[in-house]
Number of protein chains: 2
Amino acid sequence: MAAPRTSATRRLVSLSVQHARCYSAPTDGAIPPTKAKYVPTEGTYPKGFVVGSAHAQVKASNTKFDDLALIASEIPCPAAIVTTQNHFQAAPVSISKKIMFQQKSWNIRGVVINSGCANAVTGKGGREDAIRMAKTTHDLLNKRNPNVSSIRTLVMSTGVIGQRLPIDRIEAKIPTLVESLGNTHEHWLRSARAICTTDTFPKLLSRQFTLPSYPGITFSIAGMTKGAGMIHPNMATLLGVVCTDAPIHKTALRTLLSTATNSSFNRITVDGDTSTNDSVALFANAAAAPNSDRIHLQGLEPKDIPRRGSSMEGETLEKQSEDYKEMNKVLTSFMADLAKLIVRDGEGATKFVTVKVTKADNNNAAHAVANSIATSALVKTALYGKDANWGRILCAIGYAPGHTCIRPQETSVSFIPADGTEELKLLVNGEPQAVDEARAAAILEMEDLEILVKLSNKEKDVGEATVYTCDFSHEYVTINGDYRT
Amino acid sequence: MAAPRTSATRRLVSLSVQHARCYSAPTDGAIPPTKAKYVPTEGTYPKGFVVGSAHAQVKASNTKFDDLALIASEIPCPAAIVTTQNHFQAAPVSISKKIMFQQKSWNIRGVVINSGCANAVTGKGGREDAIRMAKTTHDLLNKRNPNVSSIRTLVMSTGVIGQRLPIDRIEAKIPTLVESLGNTHEHWLRSARAICTTDTFPKLLSRQFTLPSYPGITFSIAGMTKGAGMIHPNMATLLGVVCTDAPIHKTALRTLLSTATNSSFNRITVDGDTSTNDSVALFANAAAAPNSDRIHLQGLEPKDIPRRGSSMEGETLEKQSEDYKEMNKVLTSFMADLAKLIVRDGEGATKFVTVKVTKADNNNAAHAVANSIATSALVKTALYGKDANWGRILCAIGYAPGHTCIRPQETSVSFIPADGTEELKLLVNGEPQAVDEARAAAILEMEDLEILVKLSNKEKDVGEATVYTCDFSHEYVTINGDYRT
């Protein structure tokens, strides 16, 4: 036993040197070389948004790194937010939802965020802290407009659960935070860094797009997100903020965000619905086309249609169906790319794995099976170990919840290589294939991999789903990565 | 960042030296000193059972350790088996179920087991291998009784999924295996060792008991089990074999096993229902009271009542309700202790944690919440880090599936110290308590801990459940164990 033990030890040491993380926002120097390519060096940011950051030392041990961020529109604008379904919803989540409700998803200026403390399960005091944080920011943002009294700034927190915010320290730094606002790439990057916790790199994207009914106008969209050290459902706090200068009606904004979230943050194996603090917010300030009609949701309900002179002045009843569809496409693809960055930053992740399940009874069944594979620690350690141990994939298919559509004799599994070469068939109609282990090893050497599962031979079964995950490189790997050899 | 990174590295190294495992049955020398106390040095074994082991080199890399085990009753006897619910049921599981069906849960001689290869997802060839393994053993066991043709020996396998058994090597060693049979403590211990995979110690228990209607008779029960390197639902293959010399009718045996499994193997965070191979078998050969009535299930259905002269000859219609109840108590407690050994052997486990949930709507809701806490990697790393980060417990309560009974304002959480001292209240009716961190640290220093959750203040809510789990000491710990400091 001496030899393998020593080798296991060695692997672990080299892993720890490579992947050890601390709980604090990353500095430039701390970004792992393999991840540097995911940090943009420039960007195109939406008009009328300013962002900033400051250091409030939310965690006493963080003596250096910014842990406050502010993303603000220069004018109040429509917003949408999706949040956790956890019963123990953190104070900032319930306060932000309340502010959204009071402002009718309209007239929102932005969001103030702290990392280092989640302000979750903190009782009445915690809710008061969240309100103070939002209100202080609001008051400073709106100093030229003192007659506005109700809060228009949302609040998010991420970090330790069950501890109170150091609200005095935070409040004292909000003036610095507001003074730091700006619209350069550096501002956006610093802000993205300030919301990180165990992330090894800031996650920031920006993009430009056009819309059919707005000829000659280039719109911008930018967003930042943060994940957690280990990607796994039910464990990570996920925050996301996306801003665009396109003109979008608030009802359309809500359905756009919800649709895009289902195809992005809900398709990575961080279950966006279950931590106490998960929140994704979307702001659309129309700054690139201030005098244009706003994009409406197709089939807008009469009750949602704003009257002239109401607080939604400036909108029209005109349905912009082509624009809505295009916006939906842009946002979904943008948010999917943002979500994938979280997977790229999985704890110790060396692989980006796409799990695609086809020919299921329906899409939900396909999603359940894809999720079961994507969250299986045994599958993920085998991927890390570059071991074509596809039996574990089958096992995960077999125990997927609500799996009414699993027919072992019709199940096929393949690896789709990232270099575009032919698929490698592992199982065809329930029968194991003679696998060329050298080719399997070569495919598993690549950073990206797709696992393709076909559940049925029946024509009527057309359910599909894709989930993104990473590999596992834990101490656990020292056992399970070598399981088959 | 330099200091914490170095410290993380150091922890990891010491962990790896302490806990690195290999995929093979453990030797005496390899048993970690902290686990040695769980390996019995003597035992009281049931009459009429013989056990043995042999080395078939199922894994090519295992050149040394026994990987075949046989547990057999000297005479055919009633048996019961509970197996995985995974859709990709391994060949030995479906073959054993078929044999049980053919023999009407009666006339079973025992079970032949291999470690090193699960014979799962191996198609038609795999089923043929499982039959060969069972039949060869059966033929050798029954050589004095050549007129018995149908197989009476069950078969179990554990190890890699998706690979064929080296059935020729196994078959060649079955004569050695049968010759090795014996009834001493050493025989039982060797056999328990041969079924291990990444386990660090063999899991064997034996006990004596009496039954009300059998004065003057001392019965024995013995059992062995194996888990996996890491305890987590949906991942480990769990095998268990329990033998008793008490006289139990086959129908009673089935309900006894099912009841006891629900309170034992289904209460540890290895989900016995989901791997491809999970199986627990129970044999009762009546050798300690060969001429006595067999214990019946209360309320036996007429269709289950054997006719005189049938293959169930020797049984009577007499209901033995007090005996059944006592047998139920003995078996449940025995199997719970056996299951707990799997938790004690969790990968890198340093703690044995009892999660008790009370005052739920019903027992199922309580179980869902207990399971959610017991499988939360964040809770488990905090326990390893001896960090009273109870917020993570709340978070896990909040995302338990089907949690209709969660009322944050009525939820209370305490640590119950293992030394019998007063409980440490962490949350009372949704309000965080001022926690004496020094006392919390002292409680978390102890190997055993109970987490007590009360979900409601309503009198009508009496649902309860207890789940056993261990802590996590992975690379992941280097991040999450220090999360709060």
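Under the annotation held in an unreviewed UniProt entry, chain A carries the name Arginine biosynthesis bifunctional protein ArgJ, mitochondrial and is attributed to Aureobasidium melanogenum. As stated in UniProt under Sequence similarities (unreviewed entry), the record for chain A gives "Belongs to the ArgJ family."

Undergrad: Outline the overall build of chain A, supporting the account with residue identities and numerical values.
TA: Within chain A one finds 12 helices and 15 strands. Out of the 485 residues belonging to chain A, those deemed buried represent 63%. Residue pairs in contact within chain A that sit at least 24 positions apart in sequence constitute 79% of those at least 6 positions apart. Taken as a whole, chain A presents about 17,600 Å² of accessible surface, with 50% of it coming from carbon and sulfur.

Undergrad: If you had to explain the packing of aromatic side chains to someone new, which residues and values would you point to?
TA: Residue and element names in this part refer to chain A. Using the criterion set out here, one finds 10 aromatic pairs over all chains in the structure. With centroids separated by 5.7 Å and ring planes inclined at 25°, the aromatic side chains of phenylalanine 352 and tyrosine 468 adopt a geometry described as stacked. With phenylalanine 352 in strand E10 (residues 352-360) and tyrosine 468 in strand E15 (residues 463-470), this residue pair connects regions lying 116 residues apart in the sequence. Relative accessible area serves as the criterion here: at 5%, phenylalanine 352 is assigned to the buried category. Pairwise contacts between aromatic rings join Phe209, Tyr214 and Phe219 into one cluster. A cation sits over an aromatic face here: arginine 344 above phenylalanine 352, 4.0 Å from the ring centre.

Undergrad: For helix H3 (residues 123-141) of chain B, give the residues involved together with the corresponding values.
TA: Taking 1.5 Å as the rise per residue, H3(B) with 19 residues should run 27 Å; its terminal C-alpha atoms sit 28 Å apart, in good agreement. Of all the positions in H3(B), only B:Gly123, B:Gly125, B:Gly126, B:Asp129, B:Ala130, B:Met133, B:Ala134, B:Thr136, B:Thr137, B:His138 and B:Leu141 are classed as buried. Buried positions along H3(B) lie against strand E13 (431-432) of chain A together with strand E2 (68-77), helix H2 (91-102), strand E4 (108-117), strand E5 (153-160) and helix H4 (167-179) of chain B.

Undergrad: Kindly report on the confidence of the model for chain A, identifying the contributing residues and their values.
TA: Residues and elements named next belong to chain A. On average, chain A scores 81 in pLDDT, and the residues at 70 or more come to 80%. Predicted confidence for residues 1-29 stays below pLDDT 50, and this span has 78 contacts to residues more than four positions away or in other chains. Both scores are available for the predicted complex, with the pTM at 0.76 and the ipTM at 0.71.

Undergrad: Outline the sheet that holds strand E11 (residues 412-417) of chain A, listing residues and values.
TA: Residue and element names in this part refer to chain A. The strand order E13-E12-E11-E14-E10-E15 describes an open sheet built from 6 strands, whose pairing is mixed. With partners counted over all chains shown, the strands left at the sheet margins are E13 and E15, one partner each. Pairing of E10 with strand E14 (residues 448-454), which is carried by 7 bridges, proceeds in the parallel orientation. Each bridged residue has a counterpart across the sheet, and for threonine 354 the counterpart in E14 is glutamate 450. Sitting on the sheet, helix H7 (residues 321-344) touches E10, E14 and E15, and the angle it makes with E15 is about 45°. Here helix H10 (residues 391-398) sits on the sheet in contact with E11, strand E12 (424-428) and E14, set at roughly 125° to E11.

Undergrad: If you had to explain the pattern of salt bridges to someone new, which residues and values would you point to?
TA: Pairing is possible between side chains that carry opposite charge, provided their charged atoms lie close to one another. Residues and elements named next belong to chain A. Applying the stated criterion across every chain, the model contains 36 salt bridges over all chains. With its nearest N and O atoms 3.3 Å apart, the salt bridge here joins lysine 325 to glutamate 322. In this pair, lysine 325 and glutamate 322 are both assigned in helix H7, 3 residues apart and thus about one turn of the helix distant. Given a relative accessible area of 46%, glutamate 322 falls into the partly exposed group. Each of Asp361, Arg407, Glu410, Lys458, Lys460 and Asp461 takes part in salt bridges that share partners, so that together they form one network.

Undergrad: Break down the pairing of strand E7 (residues 219-226) of chain B for me, citing the residues and quoting the values.
TA: Residue and element names in this part refer to chain B. Counting buried residues along E7, 8 of its 8 residues qualify, which places the element largely inside the surrounding structure. The alternating pattern of E7 places Phe219, Ile221, Gly223 and Thr225 and Ser220, Ala222, Met224 and Lys226 on opposite faces, both of which are buried. With 7 bridges joining them, strand E6 (residues 203-209) and E7 adopt antiparallel strand pairing. Its bridge partner lying in E7, arginine 207 is registered against isoleucine 221.

Undergrad: Lay out the sheet that holds strand E12 (residues 424-428) of chain B with the relevant residues and their values.
TA: Residue and element names in this part refer to chain B. Ordered in space as E13-E12-E11-E14-E10-E15, the 6 strands form an open sheet in which the pairing is mixed. The two strands at the open ends of the sheet, each matched to only one other strand, are strand E13 (431-432) and strand E15 (463-470). Contacts from helix H7 (residues 321-344) reach strand E10 (352-360), strand E14 (448-454) and E15, with the element oriented near 45° to E15.

Undergrad: Outline the nonpolar core, supporting the account with residue identities and numerical values.
TA: Core analysis: the biggest nonpolar cluster contains 94 residues, and A:Ile113, A:Trp188, A:Val241, A:Ile248, A:Phe265, A:Phe283 and A:Met335 have the highest contact counts within it. The biggest single contributor to this core is H7(A), with 11 residues. Both domain 1 (37-304 + 317-345) and domain 2 (352-482) of chain A contribute no fewer than three residues apiece to this core. Look past the residues within four positions of A:Phe283 in its chain and what remains in contact with it is A:Phe49, A:Cys77, A:Pro78, A:Ala79, A:Ile108, A:Gly110, A:Val111, A:Leu154, A:Val241, A:Val242, A:Cys243 and A:Thr244. Listed in part, the 93 residues of the second largest apolar core include B:Val51, B:Leu141, B:Leu282 and B:Leu341.

Undergrad: Please give an account of the packing of H2(B) against H3(B) that cites residues and values.
TA: Residue and element names in this part refer to chain B. Viewed as axis vectors pointing N to C, H2 and H3 meet at an angle of 55°, and their least axial separation amounts to 8 Å. Relative to H3, the element H2 is oriented oblique. Handedness of the crossing formed by H2 with H3: right-handed. Note on element contacts: H3 touches H2 through Gly126, Arg127, Ala130, Ile131 and Ala134, opposite Ala91, Pro92, Ser94, Ile95 and Ile99. Considered class by class, the residues forming the contact of H2 with H3 number 7 nonpolar, 2 polar and 1 charged.

Undergrad: Explain the state of the cysteines residue by residue, including any values.
TA: All names here are of chain B. Inspection of the entire model under this criterion finds 0 disulfides over all chains. A disulfide-free cysteine, cysteine 77 has its sulfur positioned 7.8 Å from the sulfur of cysteine 243, the nearest such atom. Of the residues examined, cysteine 77 reaches a relative accessible area of 2% and is grouped as buried. Looking at cysteine 470, it has no disulfide partner, and the nearest cysteine sulfur is the one in cysteine 196, 16 Å off.

Rules and cut-offs
- Residues numbered from 1 in each chain as written.
- Chains lettered and ligands numbered in written order.
- Predicted model: local features only at pLDDT ≥ 70, side-chain atom pairs only at ≥ 80, totals over all residues.
- Heavy atoms only, no water.
- UniProt positions renumbered as here; feature names shortened; annotations may be inferred.
- Helix = DSSP H or I, 4+ residues; strand = E, 2+ residues; numbered from the N terminus.
- Buried < 20%, exposed > 50% of the residue type's maximum accessible area, 1.4 Å probe, protein only.
- Contact = heavy atoms within 4.5 Å.
- Areas by Shrake-Rupley, 256 points an atom, 1.4 Å probe, with all protein chains shown as cover.
- Phe/Tyr/Trp six-rings, centres within 6.5 Å; stacked < 30°, edge-to-face > 60°.
- Lys NZ or Arg CZ within 6 Å of the ring centre and 35° of its normal.
- Expected span 1.5 Å × (residues − 1).
- pLDDT = per-residue confidence, 0-100.
- Pairing = 2+ DSSP bridges.
- Axes fitted to C-alpha atoms, helices over the stretch in contact; angles between N-to-C directions.
- Salt bridge = Lys/Arg side-chain N within 4 Å of Asp/Glu carboxyl O.
- Core = buried A, V, L, I, M, F, W, Y, C linked by side-chain atoms within 4.5 Å.
- Domains from an automatic or database assignment.
- Parallel < 35°, antiparallel > 145°, perpendicular 65-115°, else oblique.
- Left-handed = near helix turned anticlockwise from the far one by under 90°.
- Nonpolar A, V, L, I, M, F, W, Y, C, P; charged D, E, K, R; others polar.
- Disulfide = S-S within 2.5 Å.

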